[in-house]
Amino acid sequence: MTKHTYIPRTTNYALNPGDELNDLRMSDQVRPLYDHVKKFIRETVEPMSIEFAKAGEGKEDRWSFTPKQLEVLEAAKNKAKKEGLWNFFLPDDETGQGLKNLDYAYIAAELGKSPLASETMNCSAPDTGNMEVLERVGTKEQKEKWLKPLLNGEIRSAYVMTEPNVASSDAKNISTTAKLVGDEWVINGEKYYISGLGDPRCKILIVMVKTNPDAAPSKQQSQILVPRDTPGVEVLGPMYVFGQDHAPRGHMHMRFNNVRVPKENMLLGEGRGFEISQLRLGPGRIHHCMRTIGKAEKALDLMVQRGLTREAFGKKIAHLGGNMQIIAQARCEIEAMRLMVLKAAKAMDVLGNKEARVWVSMVKAMVPERACKIIDQAIQMHGATGISHWTPLAEMYQDVRHLRFADGPDEVHWMVVGRHELSMA
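Every chain begins its residue count from 1, and numbering advances along the sequence as written. Note on the predicted model: pLDDT of at least 70 is required for a residue's local features to be given, and 80 or more for side-chain atom pairs to be given and counted; whole-chain, interface and lining totals, by contrast, use all residues. Processing note: side-chain calculations cover all non-hydrogen atoms of the structure and skip hydrogens and water entirely.

By the naming in an unreviewed UniProt entry, the chain is Acyl-CoA dehydrogenase family protein, taken from Bradyrhizobium zhengyangense. UniProt positions are given in the numbering used here, feature names are shortened, and annotations may be inferred rather than shown by experiment. Database annotation for the chain, UniProt heading Subunit (unreviewed entry): "Homodimer." Reading the Sequence similarities (unreviewed entry) entry of the UniProt record for the chain gives the comment "Belongs to the acyl-CoA dehydrogenase family."

Structure below.
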C-alpha cells in the first residue's frame, strides 16, 4: 500500500495576523460620517419615502414621476448635499468623499436598508458605475457635458450591455455593432434589461458595442456614449422581473437603428471596452453586495419582529418548529457575508481592482444567493403577508434574486474563483 504525504498548497488566503488585508476596521475619520448617514436615513429619508409613495398614487402615466414626487425627492437630495452626504462611492476626494472601499462598505450596508437612500445621496446604480467610468477615462468635454450633471444629481444614466440573442454573460459574444462612417459611429443592435432607461430623467447611455470583429477577442469591443434622445434609439418596452415592470425606472428592451454619434463619443479608445468593464464592474459588483447586506439585515429584523408578535398553536411563531434555528442561522450568515464583503473591499483598497478580482467574484456569487435565502425565510415566517404589498419582502426578494444575473451570473464568478484556486495547485 502506497503511503501518501500531504503537502499543503501555498495560497494567498492563509490567515496572517500581520496582513493588512485582515484589518477590517472603519477609518476613525469616517465614523462621524457613518453615524451621520444613519441619522439622515432615519430622520429624513424614511419620512420622505412615505411622502414620495403617497404623492405617486393614482398617477395616469406609470412611466413618470408626479411634480410632487420630484419636489419631495429633490428637497431631500438638496438637504443631503448641504449636509455633505453626497457621492460617497467615488474614491476621488475632489468629486466624491474620498472614501476607501472598506469605509464605503459600512455606509453602503446602511443605504441598502432603504430603497430611496442611495438616490437621495447620489449613490444609485447604474449612475455610480457610469460616473466612475467618466471620471477615470472621460475626456474634459465628456466630463463637462455628462459627468458634471450626474455628479450634481441633475440627470440619470444607463449602462447598455446585455443582449437577448447571445449568451452575453461572455461579453465577447456582444453583437451590437458600431462602424465608423466619416466622423460618426453608426450603431445597430438589440439590447435588453437596461436598468433605469425607463426613467424620464435618464439622459445618457454608455453602450457596449463591437467595433472590430477581426481584432483579438479582447480588443473587439468598445464603449460609446449615446445621448438618450439620439434619433434611432428605440425603446421597445419594459422587461418584467417576476411579473413587475418596476416603473417608472424599469429594465428596458431597446434597439439601436442606425444611431449616429460623433466619433469623439468613444470612451478611452477603440477596442478598450473590456478594460472599461473591469474598471466599472469591480466596484459596481461589490457595491451591490454591500447594499445586499443591508437588505439581509432588514429581512432578519422583520423576521424577528414577526416571530415575536404573532402566535400560533399556543406559541410565538419564533418558537415554533425550527424557526429559532432559522433566525440564528440567518444571523450567522449575515455576519459571514459582512466579513467577506469587508475583506473584498479591503482587497480592492490594498491590491487594486484588478488583483482583487477573485475576492470580488467570491462575494458576488455568495452574497445574493445567501441573502435570497434569508429574505425567503422572512417571507415564509410572515405567511401570505410576506408575498403581499404589505411588507417590502417580496420586492426585496425580486431585487436580490435578479442580482444572481446582474453584473455576471453566479456561474461566471464561481468559475473565476475556481480557476484561481486551481492555478495555485
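Before we go on, may I ask you to explain unusual backbone geometry in this structure?
Phi is mostly negative for residues that are not glycine, and the peptide bonds are mostly trans. The omega angle of the peptide bond from Ala-125 to Pro-126 is 0°, so this bond is cis rather than trans. Note on conventions: DSSP H or I runs of at least 4 residues are helices, E runs of at least 2 residues are strands, and numbering of each starts at the N terminus. Tracing the backbone through its elements, the reader meets Pro-126 in the loop between α4 (117–120) and α5 (127–137). In this structure, Asn-87 takes a positive phi of about 55° despite not being glycine. Within the secondary structure, Asn-87 is located in the loop between α2 (67–82) and α3 (101–111). In the Ramachandran plot, Phe-313 falls in the positive-phi region, its phi being about 55° despite a non-glycine side chain.

Looking at this structure, I do not really get the packing of helix α1 (residues 31–55) against α2. What am I missing?
Helix-helix packing is described using two parameters, namely the angle between the two axes and the distance between the axes. To get an axis, a line is fitted to the C-alpha atoms, and for a helix only the part in contact is used. The angle between two axes follows their N-to-C directions and goes from 0 to 180 degrees. Two elements in contact, α1 and α2, have axes whose closest approach is 8 Å; the angle formed by their N-to-C orientations is 165°. In terms of orientation, α1 lies roughly antiparallel with respect to α2. Seen from above, α1 lies across α2 with left-handed handedness. On α2, the residues touching Phe-40, Thr-44, Met-48, Glu-51, Phe-52 and Ala-55 of α1 are Lys-68, Gln-69, Val-72, Leu-73, Ala-76, Lys-79 and Ala-80. Each residue gets one of three labels, nonpolar for Ala, Val, Leu, Ile, Met, Phe, Trp, Tyr, Cys and Pro, charged for Asp, Glu, Lys and Arg, and polar for the others, Gly among them. Per-class residue counts for the contact of α1 with α2 are eight nonpolar, two polar and three charged. Put simply, angles under 35 degrees are roughly parallel, angles over 145 are roughly antiparallel, angles from 65 to 115 are roughly perpendicular, and the rest are oblique. Less than a right angle of anticlockwise turn of the near helix away from the far helix marks a crossing as left-handed, whereas a clockwise turn marks it as right-handed. Any two residues whose heavy atoms approach within 4.5 Å at even a single point are treated as in contact.

Hey, could you run me through empty space enclosed by the protein in this one?
Where empty space is left in the structure can be found by rolling a water-sized probe over the atoms. Lining residues are defined by having an atom within 4 Å of a point belonging to a cavity or pocket. Those points lie on a 1 Å grid over the protein atoms alone, cavities being sets where a 1.4 Å probe fits but cannot get out and pockets being open sets with protein on both sides within 12 Å along at least five of seven lines. Grid points are joined across faces, edges and corners, and a volume is the space filled by probe spheres set on the points. Scanning all chains against the criterion turns up one cavity of 30 Å³ or more. By volume, the largest cavity is sized at about 40 Å³. Lining the largest cavity we find Lys-77, Glu-119, Asn-122, Ser-124, Asp-127, Gly-153, Ile-155 and Arg-156.

Would you mind showing me how to read the environment of Gly-84 here?
Residue placement: Gly-84 occurs in the loop between α2 and α3. Overall, Gly-84 belongs to the partly exposed group, its relative accessible area being 30%. Taking C-alpha positions, Gly-84 is 25 Å from Arg-285, a pair spaced 201 residues apart along the chain. Residue burial is assigned from relative accessible area. The probe radius is 1.4 Å, only protein chains are included, and a residue is buried under 20% of its type maximum, exposed over 50%, and partly exposed in between.

Before we go on, may I ask you to explain the UniProt feature "domain: Acyl-CoA oxidase/dehydrogenase middle" (unreviewed entry) in the chain in this structure?
Within the UniProt annotation, "domain: Acyl-CoA oxidase/dehydrogenase middle" (unreviewed entry) is assigned to residues 158–258. From the first C-alpha to the last, residues 158–258 spans 19 Å; its make-up is 0% helix and 50% strand.

Any chance you could explain the pairing of strand β5 (residues 221–227) here in plain terms?
The side chains of a regular strand alternate, first on one face of the sheet and then on the other. A large share of β5 lies buried, amounting to seven of its seven residues. Here β5 shows two buried faces, one formed by Gln-221, Gln-223, Leu-225 and Pro-227 and the other by Ser-222, Ile-224 and Val-226. Bridge count between strand β4 (residues 202–210) and β5: seven bridges; the pairing is antiparallel. If you follow Leu-205 over to β5, its bridge partner there is Val-226. Here a strand pair is declared whenever DSSP counts at least two bridges between the two strands.

Would you mind showing me how to read the pattern of salt bridges here?
Opposite charge on two side chains allows them to pair when their charged atoms are near. By definition here, a salt bridge exists when the distance from a side-chain nitrogen of Lys or Arg to a carboxyl oxygen of Asp or Glu is within 4 Å. Applying the stated criterion to the full structure yields 29 salt bridges. Ionic contacts of the salt-bridge type, sharing partners, join the residues Glu-119, Asp-127, Arg-156, Asp-199, Arg-201 and Arg-249 into one network.

Looking at this model, I keep getting lost on the state of the cysteines. Mind explaining?
In a disulfide, the sulfur atoms of two cysteines are covalently bonded to one another. The rule for a disulfide is simple: a pair of cysteine sulfur atoms within 2.5 Å. Going through the model one piece at a time under the given rule, you end up with zero disulfides. The closest cysteine sulfur to the non-disulfide-bonded Cys-202 is located on Cys-123, 18 Å from its own sulfur. A relative accessible area of 2% means that Cys-202 is categorised as buried. Cys-332 takes part in no disulfide bond, and the closest cysteine sulfur, belonging to Cys-372, lies 19 Å away.

Even after reading the chapter, I still don't get the nonpolar core, so can you show me in this structure?
Considering soluble globular proteins, one finds that nonpolar side chains tend to be buried as a cluster. The set of buried Ala, Val, Leu, Ile, Met, Phe, Trp, Tyr and Cys residues whose side-chain atoms join them within 4.5 Å is what this entry labels a nonpolar core. Among the nonpolar cores identified, the biggest contains 94 residues, and Phe-88, Tyr-104, Ile-107, Leu-111 and Met-121 are the most heavily contacted of them. For this core, the element with the most residues is helix α9 (residues 357–382), which contributes 14 residues. Excluding residues within four positions of it along the chain, Tyr-104 makes contact with Phe-88, Phe-89, Leu-99, Leu-111, Cys-123, His-287, Met-290 and Arg-291. By size, the runner-up hydrophobic cluster in this structure holds 20 residues, among which are Ile-187, Met-252, Val-261 and Met-266.

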